[in-house]
Amino acid sequence: MSTVIAGLNGLRKGRKDQVDFEAMWVMAAKAGYTLAFEDLVTRNENRIYRLALNITQNQEDAEDLLQDTFIEAQEHFHELRGGASFSTWLVQICIRKALQKFWERELNWIGLDEPVECNDDLVPNEMADWGDCPEKHYAKSDLNRILSEAISKLSLIHRIVFLLRDVESFSTVEIADLLGLSVQGTRSCLLRARLDVRGYLNRYFNQKIRADSKCADSAEEGREEDARTMAKTAAA
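Residues numbered from 1 in each chain as written. Predicted model: local features only at pLDDT ≥ 70, side-chain atom pairs only at ≥ 80, totals over all residues. Heavy atoms only, no water.

**So, the overall build of the protein**
Right, so step 1: Regarding its fold elements, the protein presents eight helices and zero strands.
Right, so step 2: Starting at the N terminus and walking to the C terminus, you meet the elements of the protein as α-α-α-α-α-α-α-α.
Right, so step 3: Nonlocal contacts in the protein, meaning residues at least 24 apart in sequence, comprise 69% of its contacts between residues at least 6 apart.
Right, so step 4: As displayed, the protein has an accessible area near 15300 Å², and 51% of this comes from carbon and sulfur atoms. (Helix = DSSP H or I, 4+ residues; strand = E, 2+ residues; numbered from the N terminus. Contact = heavy atoms within 4.5 Å. Areas by Shrake-Rupley, 256 points an atom, 1.4 Å probe, with all protein chains shown as cover.)

Structure (structure tokens):
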């Protein structure tokens, strides 16, 4: 028990040190230390790129969005409030730039504040049976790819809400404020997104289970046929 407590304390200390380090680098950057800002960018580049790629589903658009995010961050760095998280601020900029960039392409706000009807057709009574836990049969990279495919099927606004809540861990209130939605509208978007992702995963893993079952049946039939052939040969 003491070992577990010590480990948790070390983890909390590590997180606190990381936050303190970012705060010190922000202070140094605001004081004109250019390398401090460059280091902050480097430390957050991969995270923002993954977010941009998940939003845009296109490498070229993701790279443009990444560049736009850091350009705006540099131009408005003086506006970052003291004590605010630089990484969280970058995520907010990335989302705003994405909304501006893709507004006319596919974003449609109509009806987003309407509550999602949670009837029996929309919300399954129970999760579909995926057989053995998928983690036992798929590498982490494969699971990430499958989840990314599920997220890519969402509309832009549902994709953004899903990513902010379930990947970036923003609160519902923070998401509503960032996107200009009501809290209820945000919750409806999140519910719809989660159901769509779950539905995609249900179909994907159930198809895989059926395919594996067919392969197993074919293999069994082949073994039985081989056994019959050997028996006929022996009898002759």
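That was the structure; now back to the text.
**Some details on the pattern of salt bridges**
Right, so step 1: Taken as a whole and assessed by the stated rule, the structure comprises six salt bridges.
Right, so step 2: In this structure, Glu-72 engages Lys-97 in a salt bridge whose closest nitrogen and oxygen atoms are separated by 3.3 Å. Taken together, the residues Glu-72 in helix α3 (residues 59-75) and Lys-97 in helix α4 (residues 86-106) connect sequence positions 25 residues apart. Across this residue pair, the class does not change: Glu-72 and Lys-97 are buried.
Right, so step 3: For Arg-194, the salt bridge identified is with Asp-166, shortest N-O distance 2.6 Å. Highlighted residues: Arg-194 in helix α8 (residues 183-235) and Asp-166 in helix α6 (residues 156-167), separated in sequence by 28 residues. (Salt bridge = Lys/Arg side-chain N within 4 Å of Asp/Glu carboxyl O. Buried < 20%, exposed > 50% of the residue type's maximum accessible area, 1.4 Å probe, protein only.)

**A look at the packing of aromatic side chains**
Right, so step 1: Counted according to the given criterion, the structure contains eight aromatic pairs.
Right, so step 2: Judged by centre distance (6.0 Å) and plane angle (75°), the ring pair of Phe-77 and Phe-86 falls under edge-to-face. Comparing Phe-77 with Phe-86 shows no difference in burial state: the two are buried.
Right, so step 3: Geometrically, the ring pair formed by Phe-86 and Trp-89 is tilted, given 6.0 Å between the ring centres and 50° between the ring planes. Taken together, the residues Phe-86 and Trp-89, both in helix α4 and three residues apart, mark about one turn of the helix.
Right, so step 4: Each member of the aromatic cluster is reached from another via a ring pair, and the members are Phe-37, Phe-77, Phe-86 and Trp-89. (Phe/Tyr/Trp six-rings, centres within 6.5 Å; stacked < 30°, edge-to-face > 60°.)

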